[in-house]
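What the coordinates show
Residue-level listing of the chains:
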Amino acid sequence: MTTSNITITPSAHPLSDAERGERMNKPAFGRVFTDHMVVIPYRDGQWQQGELKAYGPLMLDPSASSLHYGQAIFEGYKAFAQPDGSIKTFRPEQNAERFNRSAARLAMPAIPVELFLEAGDALISIDRNWVPTKTGESLYMRPLMIATDPYLGVRPSEEYLFVLFASPAGAYFPQGVKPVTVWISEDFVRAAPGGTGEAKCAGNYAASLMAQSQAQEKGCDQVVWLDAVHREFIEEMGGMNLFFVYKDGEKITVVTPELTGTLLPGITRRSLLEMAKDLGYATEERKLSVQQWRDDIASGRMTEVFACGTAAVITPVGVAKANGFEMTINNNENGAVTLALREALLGLQHGTKADTHGWMHTVC
Ligand SMILES: *Cc1c(COP(=O)(O)O)cnc(C)c1O
């Protein structure tokens, strides 16, 4: 069987229903993978015929350039079981477009958006029994691209591999949503102007791990990144974008740091800016300093803070700490605006609320 660009070779050893059920019951994120994956090689200046086959190790030359010089990018999006039994993905074409922007920044080739979508749809269709059905659960899709030239010279690779695999994801907060505590990092930066902060590349994450360990040593769950130049303006939190909720009488405004080239332009961020308007909130994209954050919490104008991203959807921020100060937000409780946005987004993704923006992509 073949879709136009991907040859399908079903796994000879898919898990039995019982084995699959057992694995899907264990909620650990990112440790369980479905029966299949897609690989599409790029060489001679073009994408070759792809292959959908059993999930398994890749064969790579030790001199493959991604292992040395880090031409490696990835994406993350989710497939959701719908009330009518169909399966839909959330804005996957946005992930395809961002994947290509990341590729361009790392001097890697673009993949046609249709091919990116075709790979996802083919994988979900063959592994549709792996899509969890409960609210808050989904099938997490992980596309990536690595440079595979067996060459130690420093230059853009001429050969690449696109890989796509999937992992069933349980509810991110199995015990219910609970605010996180964040460490505002003054010692480390994630991204500098002119760097790769806007690209979803592997190296950004490698560079963040030490700061994440420091945050944990300080008793925090996550790092908040500041701008590299002034060490003053808030950028984002770990692998999620941040939102700040202001209340002035009846008027609610949600504020998120503007995209300066050093923040990752989240698809959840972008979607929430539109959904906030649907819920009657004003929205602003602007710079916000740590001092302003402190002042606005102290004055009571800022009432809630939350982070957002594909994996955890929306996570309230309850406490923020840094060298020399600590502040509590909304009594370290879940805020009403945070929960309203979370419910609206989850409702849309799970098909219990109308898809008024046309964001859901029907797979099968
Ligand atoms: C992926 C990512 C986000 C969130 O993006 P979504 O498209 O909403 O999942 C935010 N920050 C960083 C650093 C990321 O890698």
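Under an unreviewed UniProt entry, the name given to the protein chain is Branched-chain-amino-acid aminotransferase, and the source organism is Janthinobacterium psychrotolerans. Heading Function (unreviewed entry) of the UniProt record for the protein chain holds this comment: "Acts on leucine, isoleucine and valine." Of the comments in the UniProt record for the protein chain, the one headed Cofactor (unreviewed entry) reads "pyridoxal 5'-phosphate".

Tallied over the entire structure, the rule returns nine salt bridges. The partner of Arg-98 in a salt bridge is Glu-75, with the nearest N and O atoms 2.8 Å apart. One end of the pair, Arg-98, is in helix H3 (residues 92–105); the other, Glu-75, is in the loop between strand S5 (72–74) and strand S6 (77–81), with 23 residues separating them in the sequence. Both residues of the pair, Arg-98 and Glu-75, belong to the buried class.

Attention now moves to the site of the ligand. In the neighbourhood of the ligand, 15 residues make up the surrounding shell, with Lys-200, Tyr-205, Glu-236, Thr-268 and Thr-310 lying closest. Starting from 380 Å² of accessible surface for the ligand in isolation, the protein chains cover 96%. Cavity membership is defined here by more than half of the atoms lying within 2 Å of grid points; on that basis the ligand lies in the largest pocket. By residue class, the composition of the shell around the ligand is four nonpolar, seven polar and four charged.

With that settled, the discussion passes to the side chain of Ser-138. Within the secondary structure, Ser-138 is located in strand S8 (residues 138–147). We classify Ser-138 as buried; its relative accessible area is 1%. Among residues more than four places away in sequence, those in contact with Ser-138 are Lys-78, Ala-79, Phe-80, Pro-132, Ser-167, Pro-168 and Ala-169.

This next bit is on the UniProt feature "modified residue: N6-(pyridoxal phosphate)lysine" (unreviewed entry) in the protein chain. In the numbering used here, UniProt assigns the "modified residue: N6-(pyridoxal phosphate)lysine" (unreviewed entry) feature to Lys-200. For Lys-200, the position within the fold is in the loop between strand S10 (180–184) and helix H5 (202–217). Apart from residues no more than four positions distant in its own chain, Lys-200 is found in contact with Ile-73, Phe-74, Glu-75, Arg-98, Ser-102, Tyr-205 and Leu-264.

Now for the packing of aromatic side chains. Under the defined criterion, the tally for this structure stands at 14 aromatic pairs. Each ring, one from Tyr-55 and one from Phe-165, has its centre 5.9 Å from the other, and the planes form 65°; the classification is edge-to-face. Of this pair, Tyr-55 sits in the loop between strand S4 (50–54) and helix H2 (66–69) while Phe-165 sits in strand S9 (residues 160–169); the two residues are 110 residues apart in sequence, bridging distant segments of the chain. Judged by its relative accessible area of 35%, Tyr-55 falls in the partly exposed class. An aromatic cluster is defined as three or more aromatic residues linked by ring pairs; in this entry it consists of Tyr-77, Phe-99, Phe-116 and Phe-162. Between the NZ or CZ atom of Lys-287 and the centre of the ring of Phe-233, over which it lies, the distance is 5.9 Å.

About the cut-offs
Residues numbered from 1 in each chain as written. Predicted model: local features only at pLDDT ≥ 70, side-chain atom pairs only at ≥ 80, totals over all residues. Heavy atoms only, no water. UniProt positions renumbered as here; feature names shortened; annotations may be inferred. Salt bridge = Lys/Arg side-chain N within 4 Å of Asp/Glu carboxyl O. Helix = DSSP H or I, 4+ residues; strand = E, 2+ residues; numbered from the N terminus. Buried < 20%, exposed > 50% of the residue type's maximum accessible area, 1.4 Å probe, protein only. Near = heavy atom within 4 Å. Areas by Shrake-Rupley, 256 points an atom, 1.4 Å probe, with all protein chains shown as cover. 1 Å grid on protein atoms, 1.4 Å probe; cavity = no way out; pocket = protein on both sides within 12 Å on 5 of 7 lines; lining within 4 Å. Sits in = over half its atoms within 2 Å of the grid points. Nonpolar A, V, L, I, M, F, W, Y, C, P; charged D, E, K, R; others polar. Contact = heavy atoms within 4.5 Å. Phe/Tyr/Trp six-rings, centres within 6.5 Å; stacked < 30°, edge-to-face > 60°. Lys NZ or Arg CZ within 6 Å of the ring centre and 35° of its normal.

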